[in-house]
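# Structural description and commentary
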Amino acid sequence: MQKDITTSTTQNIFRIVLALFMIYAGFSHLTFNRIEFQAQVPDWVPMSKDLVVILSGIVEMALGLALLLWKNQRSRIGWILAIFFILIFPGNIAQYLDGKDAFGALNSDKARLIRLFFQPILIIWALWSSGAWKAWRNSKNQ
């Protein structure tokens with residue numbers, strides 16, 4: 001797969017916004033939203049919920065920084081971020097199924113259900129804005 005892929009200005013803007021969002025979300029995992037994020041950790045995860053939140057926060061900040069700063073690896077980082085979004089999705093499903101409130105806005109089954117539909121958008125956003133999708137298509141055409 002091609003490492004250095006050219007992306008449009010629109011893709012770059014969306015990539016930067018996603019990277020900043022990831023850095024912010026990771027920081028919030030470690031600070032003011034730490035308890036709220038614990039509601040997303042399913043009970044079946046065999047680790048401390050607090051540890052899962054701390055580790056996922058660190059990973060989110062690292063992915064955000066890498067997406068923002070590591071130009072020649074952006075398409076790979078896009079794939080890694082998409083996989084990360086897939087891996088955390090069971091937590092969102094568990095939060096919906098268990099009816100756990102969080103963040104003030106996720107205080108009803110309807111709100112938690114609507115949130116589930118945003119995860120595929122995040123996956124597509126990561127793949128498109130990083131050029132990962134384009135790099136994959138280019139590799140198939142070679």
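Going by the structure above, here's the rest.
Definitions and limits used
Residues numbered from 1 in each chain as written. Predicted model: local features only at pLDDT ≥ 70, side-chain atom pairs only at ≥ 80, totals over all residues. Heavy atoms only, no water. Axes fitted to C-alpha atoms, helices over the stretch in contact; angles between N-to-C directions. Helix = DSSP H or I, 4+ residues; strand = E, 2+ residues; numbered from the N terminus. Parallel < 35°, antiparallel > 145°, perpendicular 65-115°, else oblique. Contact = heavy atoms within 4.5 Å. Nonpolar A, V, L, I, M, F, W, Y, C, P; charged D, E, K, R; others polar. Salt bridge = Lys/Arg side-chain N within 4 Å of Asp/Glu carboxyl O. Buried < 20%, exposed > 50% of the residue type's maximum accessible area, 1.4 Å probe, protein only. Expected span 1.5 Å × (residues − 1). 1 Å grid on protein atoms, 1.4 Å probe; cavity = no way out; pocket = protein on both sides within 12 Å on 5 of 7 lines; lining within 4 Å. Points joined across faces, edges and corners; volume = space filled by probe spheres on them. Patch = residues over 30% accessible without salt bridge, like charges linked within 9 Å, V, L, I, M, F, W, Y side chains within 5 Å. Areas by Shrake-Rupley, 256 points an atom, 1.4 Å probe, with all protein chains shown as cover.

## Quick notes on the packing of helix H5 (residues 109–116) against helix H6 (residues 118–129)
- Running from amino to carboxyl end, H5 crosses H6 at an angle of 25°, the nearest separation of the two axes being 4 Å. Overall, the two elements H5 and H6 adopt an arrangement that is roughly parallel. Across the interface between the two elements, Ile114, Arg115 and Leu116 from H5 touch Phe118, Gln119 and Pro120 from H6.
- Looking at the contact of H5 with H6 residue by residue, the class counts come to four nonpolar, one polar and one charged.

## Brief notes about the pattern of salt bridges
- Tallied over the entire structure, the rule returns three salt bridges.
- The shortest N-O distance in the salt bridge between Arg34 and Asp50 comes to 2.7 Å. Linking Arg34 in helix H2 (residues 34–38) with Asp50 in helix H3 (residues 49–69), this pair joins segments that are 16 residues apart in sequence.
- Looking at Arg34, the relative accessible area reads 26%, which means it is partly exposed.

## Some words on the environment of Phe84
- Among the secondary structure elements, Phe84 is positioned in helix H4 (residues 74–98).
- Sequence separation between Phe84 and Thr10 is 74 residues, and the spatial gap between their C-alpha atoms is 23 Å.
- Not counting the four nearest positions on each side in its chain, Phe84 is found in contact with Met22, Ser56, Val59, Glu60 and Leu63.

## Section: helix H1 (residues 9–30)
- Between its first and last C-alpha atoms H1 spans 32 Å; for 22 residues at 1.5 Å apiece the expected length is 32 Å, and the two agree.
- Every buried residue belonging to H1 is among Gln11, Arg15, Leu18, Ala19, Met22, Ala25, Gly26, Ser28 and His29, and all of these are buried.
- Residues of H1 that are buried make contact with H2, H3, H4 and H6.

## Description of the layout of surface pockets
- If you add up the space inside the largest pocket, you get close to 830 Å³.
- Every residue lining the largest pocket is counted, 32 residues in all, and those nearest its centre are Phe37, Gln40, Ile88, Asn92 and Arg115.
- Every element with two or more residues in the lining of the largest pocket is listed here: H1, H3, H4 and H6.
- Counting residues per element, the lining of the largest pocket draws most heavily on H4, at seven residues.
- Taken together, the residues that form the lining of the largest pocket break down as 22 nonpolar, eight polar and two charged.

## Details of a nonpolar patch on the surface
- Together, Ile13, Phe14, Val17, Ile124 and Trp128 make up a nonpolar patch on the protein surface, roughly 460 Å² of accessible area in all.
- Residue position: Ile124 is located in helix H6.

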